[in-house]
Amino acid sequence: MTFNHLVLVGGGHSNVLLMRKWLMRPDLIPKCPISIISRDSHLVYSAMFPSLIAGEIQLENNLIDILSLANRVKIAFIKDEVRDIDFRKRKILFHERLSISYSRIILNYGGETKITDEYIDLFKQNIAFPIKPFFKAYDLIQSEDSLNNQSALPFVIVGSGLAAIEVAFALRKRWKERELVLVCNSNTINKKLIHYLMISNIKIAKEIRFKFQRIILCTGNQPPLWIKRNILNLDKKGRIITTHKLNLSNFQEVFAVGDCSSIESNKLNSSGLYAVKVVNILAKNIYKEFKGRKLHNWFPQKYGLQILNCFNDQVPKAFIIYGNKVFGPSHIFAILKKKIDNNFINKLKLEIMKSNVMSESQSKDDCRGCAAKISQQVLNSSLRSSNLEQFADCPEDASELFINEEKLFLQSVDGFPALLSDPWLNARITTLHACSDLWACGAKVSSAQMIVNIPKIEKEYQNYLFSHILQGVKSTVEDLGGKIIGGHTFESRNIVTRPYPLGIDLSLVVQGMVEGDFRSWKKSGMQLGDSLFMSRPLGVGIFFAGQMRNINLFKSYSSVIENMIVSQQFLIDEINDLQKRFKVKFINAATDITGYGLIGHLLEMIETTNLSRINKDLSPLKVALKLNSLRAYPGVFELIRMGVRSSLYHSNKIKLDEIMSKNKNHRTILLTNSDNFTEEINLLIDPQTCGPLLISCNAKYAKYLSSSWYKIGEVIS
């Protein structure tokens, strides 16, 4: 299946600059679906990595936010690693998800650090580690900071290129006392650089014949295995050979730029030096390729100017390398390098949208996921006016369908507009979110049905979207031990805009069962003295609201997404096993925290419990909620201080205001330390997608819960 679909493979500098070019020149964007596939959501500008090691810059302030850039250009972002590419069939292959078809493709992936046989065993023992991937290398360098003293074993840098030399200078700036050894072929290094290494107290050795602590490998790049095994024409260094039009002679729909490519007549060491200059021709040629027009040729200059920072303590100095000539070190060169690096990174910093609460009438600013729910006030008012007040007064997460002596069957429905522009990942998240209604009832997922609304676009692209949605839902349900038993589709009649995967609406009807002697958990069973536990941090709504405002979310992204795609079924299985062992039901009430936030769903538990107690002539209960116990995802409190709020914030806050407006003696939820934890109050009303489970547990059995649960309060009279 081939259809118009441009795919950018890799988050390299050229692909990033191409997206920026499209942002500045929307007229050059091809009129077709576009996706970018990147292993990371954020990119470290490689020229600034030594400055990061030296401690001269901060990581968060010098990252390229690939995800936000893709969002601004309105192209789909897919965070994954390519396993292979079938260039004949035009398919990109992955480890888990279905393949992705393309009509044109731009390759700009990063290489891997070459690890020679000499260091393989040390690499496996985590003694030697490569300079790439940068994030992992930086974490390992930080872990060595405590050994910055003369008695520690030497830290070794291996490599004879400029990268190894600059890393050695950066480490000397970072560690004043520690012994550093550069293992290299000194005959290939300019004498000026050798001299400056020596006066910087960096020892030079041809091989390792001494005791050492750890090794960082700066031993050059090699292509990933899938390229080595492929049918493309590669040069001696494993780079893809392209024409001067930046595409391949035998696969003209394939373009390659950056460090992974080499122009057929060019003998330069690295085409990555010219990412800034090549992007103008690349953008024009991609546009012309889709129009069927003649492409431009690009001829890179023979040599590129390279600047190597010395990271002096007193006056910053740097060398300039042009071909075989080395100039410096000079303070002026250091100033020039800093200016060039800052100009590059500033080009790719996006303007942050106003972070104050946007008008709810502006649909472009409305949050997605479970934050797309209608307000609790509108919901309950509508239910009551429709004579369905039982669902407003006594809401439950799932409905009981059938019960016999062995099993209780339940059903629930959930869904929302696409949260992410990756259709497969979005399907997994939506499925897990829908299943949390069953987990909140103590049930195990058995089956699911889906309703899919797909944008009205080219049929072949619809096929791509629908296939990935189906596979995302199916694989998730099957991982949970269930199966797909049906569904329904329809085509949207709304105006279609890019990225097209965000035009998907996915809903699921999920069925589950509770086995054994215990009935399902309900919201209405809280008991005096119970302890309240949650299973996850809060802040998902704030995180995605921050993403919509182009705020750098490097601290949060991995933690939030990784949590969202993990099933919580195991927590229910653990508790059910404990209840069977003790032959007692110790979970008295439960729910999941979704669109109405912790305050809204906790209030449902309290109100339904008290309604039941009043009918039994029992006194009502309250909850003492410990604000200082609430956990947030990394970076969420910083977003709160910036004024970031979900679009459901105001309607959720109405419930909190109603509680706080009452006399303290008449409040059903008591907030302890509320004067000192104003940021935590924002967590109470933040809508969650794939949020935590909340249980009201008999305090006697709380000690048996797994470490995934954390206590947030108690049920009091």
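Along each chain, numbering runs from 1 in the same order as the chain's sequence is written. pLDDT decides what is reported in this predicted model: residues at 70 or higher carry local features, side-chain atom pairs at 80 or more are listed and counted, and totals for whole chains, interfaces and linings draw on all residues regardless. Side-chain measures were taken over the full set of non-hydrogen atoms in the model, leaving aside hydrogen atoms and water.

S.K.: So what's going on with the overall build of the protein? Residues and values would help.
M.R.: Comment: elements are numbered from the N terminus, with helices defined as DSSP H or I runs of at least four residues and strands as E runs of at least two. Secondary structure summary: the protein contains 21 helices and 33 strands in total. Here the radius of gyration uses the C-alpha set of atoms, whereas the globule reference equals 2.2 Å times the residue count to the power 0.38. At 29 Å, the protein has a C-alpha radius of gyration in line with the 27 Å of a compact globule built from 717 residues. With the C-alpha coordinates of the protein rotated into their principal frame, the extents come out at 90 × 65 × 45 Å. Any two residues having at least one pair of non-hydrogen atoms within 4.5 Å are treated as being in contact. Considering only contacts in the protein between residues 6 or more positions apart, those separated by 24 or more positions represent 77%. For the accessible areas, the method is Shrake-Rupley and the probe is 1.4 Å, while residue cover comes only from the protein chains on display. For the protein, the computed accessible surface area is about 31900 Å², with 50% contributed by carbon and sulfur atoms. By the counting scheme adopted, Arg and Lys are positive, Glu and Asp are negative, and His together with the chain ends is not counted. Charge positions are represented by NZ for Lys, CZ for Arg, CG for Asp and CD for Glu. Within the protein, the 67 negative side-chain charges are centred at a point lying 8 Å from the centre of the 91 positive side-chain charges.

S.K.: Help me get a handle on the packing of helix H1 (residues 13–24) against helix H3 (residues 66–73), residues and values and all.
M.R.: Packing of H1 against H3 brings their axes to within 9 Å, and their N-to-C directions diverge by 30°. The pairing of H1 with H3 is recorded here as roughly parallel in orientation. For the pair H1 and H3, the sense of crossing is left-handed. Between H1, through Val 16, Met 19, Arg 20, Trp 22 and Leu 23, and H3, the contact on the second element is made entirely by Ile 66, Leu 69, Ala 70, Arg 72 and Val 73. As a rule, the C-alpha atoms of each element are fitted with a line to give its axis, helices using only the stretch in contact, and angles between N-to-C directions run from 0 to 180 degrees. Angular relationships are summarised with four words: roughly parallel below 35 degrees, roughly antiparallel beyond 145, roughly perpendicular across 65 to 115, and oblique for the angles in between. Crossing handedness: left-handed means the near helix sits turned counterclockwise from the far one by under a right angle, and right-handed means the same turn made clockwise.

S.K.: Quick rundown of the environment of Arg 613? Include the residues and the values.
M.R.: For Arg 613, the position within the fold is in helix H18 (residues 597–615). Exposure classes here rest on a 1.4 Å probe applied to the protein chains alone. A residue is buried below 20% of its type maximum, exposed above 50%, and partly exposed in between. Residue classification places Arg 613 among the buried positions, given a relative accessible area of 13%. C-alpha separation for the pair Arg 613 and Asp 117, spaced 496 residues apart in sequence, amounts to 72 Å. Leave out the neighbours within four places in its chain, and Arg 613 touches Met 526, Gln 527, Leu 618, Ser 619, Pro 620 and Leu 621.

S.K.: So what's going on with the packing of helix H6 (residues 162–174) against helix H7 (residues 191–199)? Residues and values would help.
M.R.: Relative to each other, H6 and H7 sit at 25°, their axes nearing to 11 Å. One finds that H6 runs roughly parallel with respect to H7. As for the relative orientation of H6 and H7, their crossing is left-handed in sense. Contacts between H6 and H7 pair Leu 162, Ile 165, Ala 168 and Phe 169 from the former with Leu 193, Tyr 196 and Leu 197 from the latter. Three classes are used: nonpolar for Ala, Val, Leu, Ile, Met, Phe, Trp, Tyr, Cys and Pro, charged for Asp, Glu, Lys and Arg, and polar for all others, with Gly counted as polar. Looking at the contact of H6 with H7 residue by residue, the classes come out as seven nonpolar, no polar and no charged.

S.K.: Which residues make up the pairing of strand S13 (residues 180–183), and what are the values?
M.R.: What you see with S13 is no split at all: Leu 180 and Leu 182 on one side and Val 181 and Val 183 on the other are buried throughout. Strand direction decides the pairing type here: strand S12 (residues 155–158) and S13, joined by four bridges, are parallel. Bridge pairing in S13 links Ile 157 to Leu 182. Assessed by its sense of winding, the connection that carries the chain from S12 through H6 to S13 is right-handed. Note on pairing: DSSP must find at least two bridges between two strands before they are called paired. Pairing between S13 and strand S14 (residues 202–205): four bridges, direction parallel. Within S14, the residue paired with Leu 182 across the bridge is Ile 204. By convention a crossover is right-handed if, when the strands point away from the viewer, the path from the first strand over the helix to the second runs clockwise.

S.K.: So what's going on with the sheet that holds S13? Which residues, and what values?
M.R.: Reading across from one edge, S11-S15-S12-S13-S14 is the order of the five strands in this open sheet, with parallel pairing throughout. The open sheet has two edge strands, strand S11 (128–130) and S14, and neither has a second partner. The mean angle between the axes of side-by-side strands here comes to 25°, regardless of whether they run parallel or antiparallel. In the sheet, S11 pairs with strand S15 (residues 214–217) via three bridges, with the strands oriented parallel. Each bridged residue has a counterpart across the sheet, and for Ala 128 the counterpart in S15 is Ile 215. Sheet strands in contact with helix H5 (residues 134–143) are S11 and S15, and its direction is about 140° off that of S11.

S.K.: Go over the sheet that holds strand S8 (residues 100–101) with me, naming the residues and quoting the values.
M.R.: Taken in spatial order, the three strands of this open sheet run S6-S7-S8, and their pairing is antiparallel. The open sheet is flanked by strand S6 (84–86) and S8, the only strands paired with a single partner. The pairing of S6 with strand S7 (residues 91–93) spans three bridges and is classified as antiparallel. Pairing of Asp 86 across the sheet is with Lys 91, part of S7.

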